[in-house]
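One-letter residues, chain by chain:
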Amino acid sequence: MPTIFTKIINREIPATIVYEDDLCIAFRDINPQAPTHVQLIPKKEIPRLVDGQPEDAALLGHLMLAAGKIARQLGVGDAFRLVVNNGADAGQSVFHLHLHILAGRPFGWPPG
Ligand code: 5GP
């Protein structure tokens with residue numbers, strides 16, 4: 001089921017894209033929760049992390065490596081947080097798998 005993130009992939013709505021390759025794309029969050037807040041998404045429509053299949057293993061690994069690459073590219077490679085909200089009760093509002101890359105302020109632990 002396409003979401004607003006598919007429209008961003010297809011350039012049907014604007015976004016500030018900071019990274020793109022064959023498998024994924026990353027863009028600034030429209031409602032940032034930190035000075036750096038980027039959404040990293042696979043181009044493949046996987047609704048939630050738990051919907052990933054064994055054949056997605058390389059893609060999911062690619063996302064993790066891309067997250068580090070993007071953080072370094074944005075100058076926050078030494079201190080950033082990755083968040084995946086899986087399911088509405090965990091705070092997921094867009095059902096296209098995405099990794100929040102957050103940086104630029106202190107983060108508490110445990111998370112809220
Ligand atoms: P979730 O709550 O699903 O984990 O995160 C969805 C994120 O997508 C939120 O941080 C929200 O601000 C962001 N978002 C929702 N719609 C748009 C949009 O149209 N453009 C951009 N750049 N970010 C969006």
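Okay, so let's go over this structure. All figures in this text were calculated on a predicted structure; none of them were measured in a lab.

What counts, and where the lines are drawn
- Residues numbered from 1 in each chain as written.
- Predicted model: local features only at pLDDT ≥ 70, side-chain atom pairs only at ≥ 80, totals over all residues.
- Heavy atoms only, no water.
- Pairing = 2+ DSSP bridges.
- Helix = DSSP H or I, 4+ residues; strand = E, 2+ residues; numbered from the N terminus.
- Near = heavy atom within 4 Å.
- Polar contact = N/O pair within 3.5 Å; in protein donor to acceptor, adjacent residues only side chain to side chain.
- Areas by Shrake-Rupley, 256 points an atom, 1.4 Å probe, with all protein chains shown as cover.
- Nonpolar A, V, L, I, M, F, W, Y, C, P; charged D, E, K, R; others polar.
- Buried < 20%, exposed > 50% of the residue type's maximum accessible area, 1.4 Å probe, protein only.
- Expected span 1.5 Å × (residues − 1).
- Contact = heavy atoms within 4.5 Å.
- Axes fitted to C-alpha atoms, helices over the stretch in contact; angles between N-to-C directions.

So, the pairing of strand β1 (residues 17–20)
Note that β1 and strand β2 (residues 24–28) share three bridges and pair antiparallel. What sits directly across from Glu20, in β2, is Ile25. Linking β1 back to β2 in an antiparallel pair, the connection comprises three residues.

A short note on the site of the ligand
Near the ligand, the surroundings consist of 18 residues, among which Asp29, Gly91, Ser93, His98 and His100 are the closest. Backbone polar atom of Arg28 to a nitrogen atom of the ligand: 2.9 Å apart, as the coordinates give it. Protein chains shield 84% of the accessible area of the ligand, which is 520 Å² for the free molecule. When residues of the shell around the ligand are traced back to their parent elements, those giving at least two are α1 (4–9), β2 and β3 (36–42). Counting residues per element, the shell around the ligand draws most heavily on α1, which supplies three residues. Grouping the amino acids of the shell around the ligand by side-chain chemistry returns seven nonpolar, nine polar and two charged.

Concerning the pairing of strand β5 (residues 99–103)
Across the five residues of β5, five count as buried, placing the element largely inside the fold. Looking at chain direction, β3 and β5 are connected through five bridges and run antiparallel. Within the sheet, the bridge partner assigned to His37 lies in β5 and is Leu102. Of the pairings in the sheet, the one linking strand β4 (residues 81–83) to β5 comprises three bridges and is antiparallel in character. Residue pairing for β5: Leu82 is matched across the bridge by Ile101.

What about helix α2 (residues 57–73)?
Between its first and last C-alpha atoms α2 spans 24 Å; for 17 residues at 1.5 Å apiece the expected length is 24 Å, and the two agree. Turning to α2, its buried residues number three or more, namely Leu59, Leu63, Ala66, Ala67, Gly68, Ile70 and Ala71. Elements that come into contact with the buried residues of α2 comprise β1, β2, β3, β4 and β5. The positive-phi residue at the C-terminal boundary of α2 is Gly75, with phi of around 85°.

A few points about the sheet that holds β3
What the five strands build is an open sheet, ordered β1-β2-β3-β5-β4; its pairing is antiparallel. The outermost strands of the open sheet, each flanked by one partner alone, are β1 and β4. Sheet twist, expressed as the mean angle between neighbouring strand axes with direction ignored, is 20°. Note: β2 against β3, five bridges, orientation antiparallel. Pairing of Cys24 across the sheet is with Pro42, part of β3. Seen against the sheet, α2 touches β1, β2, β3, β4 and β5 and runs at an angle of roughly 155° to β3.

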